[in-house]
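# Structural overview for review
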Amino acid sequence: MQTHLRGRDLITLQEWSKGEIETLLDVAFQLKRERAMGVPHPILRDKVLAMLFFYSSTRTRASFEAGMAQLGGHAQFIESKTTQIAHGDTAKEIGEILGRYNDGIAIRQVDWRGGNAYMREVAEASRVPVLNMQCDIYHPHQALADLMTIIEKRGDPRGATVTVSWAYAASYQKPISVPQSLVLLLPRFGLNVRLVHPPEFKLMPEIMEQARDNARQAGVTLEVIEEFDEGLRDTDVVYAKSWGALLTTEDESEGMRIIDRYKHWITDERRMELADRDAIYMHPLPADRNVEVTDAVIDGPQSVVYDQAENRLHGQKAVMALTMS
Ligand code: CP
């Protein structure tokens, strides 16, 4: 167990060792047990987290805010419409100033080819940890909750197969941060990963290279498959969500035209039957119901989406307790 994590930024779990992530998981499960038993844990009494949102959120905002309150501290909600964070305040100023008011700075900034760079600039100027609530490249707190959920449902995750698949959604070109964080993290914990998507929905080449290295070092497989049904056969975990064709086109209309070619990529009961009979269904939410996934699957017995959403709270509390205490 590696316990000296005070002051650490969490921008991507790729920058944390496996031992450090194991510490996060241990603490997250402990805090989850304590909350179930009504044991208070005011580890961050008098501490304040600034939460900067350049984009909307339900789960991330609610779970960070609830988590800070449960740890005895406070979270400030700072969003771009009613403040000057999106026009006027520079990243350096935000890091300097909010770092002096607060004990941590959490940021959601998913601008394509801008969000992660912004976060790094804030972190450079800040004297307190910067926590990534989703950028254009990574969504580390989602991936941490997902790994927790797989461990809860399966026990030892080693040797299991996870299908991380693209699925159709009509709304907009969603970020690629969730699949990228999953293909990086899961192989490190002994999971074989199948990344499944139509050819236009590739992930960033440098992320794929790191993910392949992680898989090689862990002795597991990372396959890329372009056919949905094939990617689901006998898998243990079905994790299917939409993302944008951002590596193919940065034009929103062109991206939507490409997405519309794959309307049949929906997770339905027939597809779930291709997976192992004990397979679980995962989605970070929000899902486009009956477009991306049918009600029968997301509300069905194999779905673990609510446990997955709950684990955002426990995982993030572990991160905050260890980095901000
Ligand atoms: N999964 C997730 O990040 O949800 P929100 O966008 O609602 O925060």
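Heads up: the structure comes first, above all this text.
The structure displayed is predicted, hence computed values, not measured ones.

### Quick notes on the pattern of salt bridges
- On inspection of all chains with the given rule, the structure shows 20 salt bridges.
- For Asp156, the salt bridge goes to Arg158, with nearest N and O atoms at 2.7 Å.
- With a closest N to O distance of 2.9 Å, Arg289 and Asp295 form a salt bridge.
- Connected through shared salt-bridge partners, Glu209, Asp213 and Arg216 make up one network.

### Structural notes on the nonpolar core
- Judged by nonpolar contacts, the single largest core of 108 residues is most densely connected at Leu49, Leu52, Ile107 and Met320.
- No other element matches the seven residues that helix α1 (residues 18-36) contributes to this core.
- When we break this core down by domain, the ones giving at least three residues each are domain 1 (13-139 + 309-324) and domain 2 (141-305).
- Residues within four places of Leu52 in sequence aside, it is in contact with Ile78, Ile85, Ile94, Leu98, Ile105, Ala106, Ile107, Arg108, Tyr118 and Met133.

### Focus: the sheet that holds strand β5 (residues 161-166)
- Taken in spatial order, the five strands line up as β7-β6-β5-β8-β9 in an open sheet, and their pairing is parallel. What marks the edges here is a single partner per strand, and that holds for β7 (222-225) and β9 (280-282). Mean inter-strand twist for the sheet, computed between neighbouring axes without regard to direction, equals 20°.
- As judged from the three bridges shared by strand β8 (residues 237-241) and β9, these two strands associate in the parallel manner. Paired with Tyr239 across the two strands is Met282, which belongs to β9.
- Strand contacts of helix α5 (residues 140-154): β5, β8 and β9, with the helix running at about 170° to β9, the strand carrying the most contacts.

### Considerations on α5
- Compared with the 21 Å implied by 1.5 Å per residue over 15 residues, the 21 Å span of α5 between its first and last C-alpha is a close match.
- Residues of α5 that are buried include every one of Pro140, His141, Gln142, Ala143, Leu144, Ala145, Asp146, Leu147, Met148, Thr149 and Ile150, and no others.
- The positive-phi residue at the C-terminal boundary of α5 is Gly155, with phi of around 80°.

### Looking at helix α9 (residues 252-259)
- Restricting attention to buried positions, one finds in α9 the residues Gly255, Met256, Ile258 and Ile259. The buried residues of α9 occupy one face: seen down the axis, they fall within an arc of 160°.
- On the buried face of α9, the contacting elements are β5.
- Of the residues flanking the start of α9, the one acting as N-cap is Asp251, its side-chain oxygen 3.3 Å from the backbone nitrogen of Ser253.

Cut-offs used in this document
- Residues numbered from 1 in each chain as written.
- Predicted model: local features only at pLDDT ≥ 70, side-chain atom pairs only at ≥ 80, totals over all residues.
- Heavy atoms only, no water.
- Salt bridge = Lys/Arg side-chain N within 4 Å of Asp/Glu carboxyl O.
- Core = buried A, V, L, I, M, F, W, Y, C linked by side-chain atoms within 4.5 Å.
- Buried < 20%, exposed > 50% of the residue type's maximum accessible area, 1.4 Å probe, protein only.
- Helix = DSSP H or I, 4+ residues; strand = E, 2+ residues; numbered from the N terminus.
- Domains from an automatic or database assignment.
- Contact = heavy atoms within 4.5 Å.
- Pairing = 2+ DSSP bridges.
- Axes fitted to C-alpha atoms, helices over the stretch in contact; angles between N-to-C directions.
- Expected span 1.5 Å × (residues − 1).
- Arc of directions from axis to C-beta.
- Polar contact = N/O pair within 3.5 Å; in protein donor to acceptor, adjacent residues only side chain to side chain.

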